[in-house]
Amino acid sequence: MSKLVTIYGGSGFLGRYIARRLAKDGWRVRVAVRSPNEAMFVKPYGAVGQVEPVFCNIRDDASVASVMTGADAVVNCVGVLDNIGKNTFDAVHVEGAERVARLAAANGVGTMVHISAIGADENSASEYGRTKAQGEAAILQNMPNAMILRPSIMFGHEDGFFNRFAGMSRFGPVLPVIGAETKFQTVYVDDVAAAAVMGVDGQAQGVFELGGPDVNTFRELMGQMLKVVRRRRLVLNIPFGIAKIMAFGFKVGRFLSLGLVRGPITADQVESLKIDNVVSEDAQGFDALGITPTALEAILPDYLWRFRPSGQYDAIKESAANLKA
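Reading guide: rules and limits
Residues numbered from 1 in each chain as written. Predicted model: local features only at pLDDT ≥ 70, side-chain atom pairs only at ≥ 80, totals over all residues. Heavy atoms only, no water. Axes fitted to C-alpha atoms, helices over the stretch in contact; angles between N-to-C directions. Helix = DSSP H or I, 4+ residues; strand = E, 2+ residues; numbered from the N terminus. Parallel < 35°, antiparallel > 145°, perpendicular 65-115°, else oblique. Left-handed = near helix turned anticlockwise from the far one by under 90°. Contact = heavy atoms within 4.5 Å. Nonpolar A, V, L, I, M, F, W, Y, C, P; charged D, E, K, R; others polar. Pairing = 2+ DSSP bridges. Salt bridge = Lys/Arg side-chain N within 4 Å of Asp/Glu carboxyl O. Buried < 20%, exposed > 50% of the residue type's maximum accessible area, 1.4 Å probe, protein only.

**Student:** Hey, could you run me through the packing of helix H7 (residues 218–229) against helix H11 (residues 296–304) in this one?
**Tutor:** The axes of two packed helices give the description: the angle between them and the distance between them. Across the interface, H7 lies against H11 with an axial gap of 9 Å and an inter-helix angle of 50°. One element, H7, and the other, H11, form an angle in the oblique class. At the point where H7 passes H11, the crossing takes the right-handed sense. Residues Leu221, Gln224, Met225, Val228 and Val229 of H7 form the contact with H11, whose own contacting residues are Leu296, Glu297, Leu300, Pro301 and Leu304. Taken together, the residues of the contact of H7 with H11 sort by class into eight nonpolar, one polar and one charged.

**Student:** When you look at the sheet that holds strand S5 (residues 111–115) in this model, what are you seeing that I'm missing?
**Tutor:** As a general point, the strands of a sheet are linked pairwise by backbone hydrogen bonds and lie either parallel or antiparallel. Within the open sheet, the seven strands sit side by side as S3-S2-S1-S4-S5-S6-S11. Their pairing is parallel. Edge positions in the sheet fall to strand S3 (51–55) and strand S11 (206–210), since each of these pairs with one other strand and no more. Between one strand axis and the next, the sheet turns through 20° on average, direction left out of account. Pairing of strand S1 (residues 4–8) with strand S2 (residues 28–33), which is carried by five bridges, proceeds in the parallel orientation. The residue bridging Ile7 from the neighbouring strand is Val31, located in S2. Sheet strands touched by helix H1 (residues 13–24): S1, S2, S3, strand S4 (73–76) and S5. Its angle to S1, the strand with the most contacts, is close to 170°. The strands that helix H6 (residues 189–200) touches are S1, S4, S5, strand S6 (147–151) and S11; relative to S6, the one it contacts most, it runs at about 170°.

**Student:** Please clarify how the environment of Pro239 should be interpreted in this entry.
**Tutor:** Counting through the fold element by element, Pro239 comes out in the loop between strand S13 (234–238) and helix H8 (240–256). A sequence separation of 128 residues divides Pro239 from Thr111, and the C-alpha atoms of the two residues are 44 Å apart.

**Student:** For this particular structure, what's the right way to read the pattern of salt bridges?
**Tutor:** Close approach of charged atoms allows side chains with opposite charge to pair. Here the structure, examined in full by the defined rule, presents eleven salt bridges. The partner of Arg99 in a salt bridge is Asp61, and the shortest N-O contact between them spans 2.5 Å. You can see Arg99 sitting in helix H3 (residues 89–106) and its partner Asp61 sitting in helix H2 (residues 61–66), a full 38 residues away along the chain. On the basis of relative accessibility, which here comes to 10%, the residue Arg99 falls in the buried class. The class for Asp61 is partly exposed, based on a relative accessible area of 31%. As a salt-bridge pair, Arg102 and Asp61 come within 3.0 Å of each other at their nearest N and O atoms. Note that Arg102 is positioned in helix H3 and Asp61 in helix H2, a separation of 41 residues in sequence.

Now the structure itself:
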């Protein structure tokens, strides 16, 4: 019988790529999510019954354990970018990660892969960074042979980074960003998934920082994106001080609306944007795994074409214009 893997958060941006790769390799895949009905798109990744979405609340021991039954490996992709209701940084990044690792060890699960992030640091000014580091420590305390992946900002068809700013570029001549000179080492999501599969298969363990082949400032990344969507916009840097004031205003608005209105930025995210998001010089990375990372320019046009002025017809119009000339 083929091996079984449980992927917590397996319908998310990275999780779906890991699920697809493991299904292709013959694994039975259990996708543990809060809303299985919204994760049905993972079922065609394999043969009938090979990939199944199941309900799980990562904040509950019994729920986490029930979907782990019989698993040979587990992957934890669950993370949050803000404190939302009961899904706080502590509840998800620390307690949730510890719960998966502790129960995996108790149930004799062979391998575990945990998705963290570059910037995980117990001394970070960002709560996101601090709790990511605390979660890593809890993982290794219970599963010392686990693989921990720290990717930089990931890009790909479903990403929330380039898609977001490409969408913003359709409105007005200015594209505002916070931390325009902060550096990023953006990484293709499927390359991170390939690394995770190596951990599931038991081919690698330890902590790996994953970044793409190039390091760019936030401003430079927006320039590449604008070139792909064929729009001219002024990339306007918002100083961190003003950004914190804005974040406070959004927090007040969220409180007054009882959580119905959420701002585009939080004070914690402003703190994160002050620090370069690149692979450390002494860190293990793709080289140690034998993976060649994919360049941003090789993938970005494949999914941002829809933000061009004429969408899929933009290239056709250009060709027609050249013919007239």
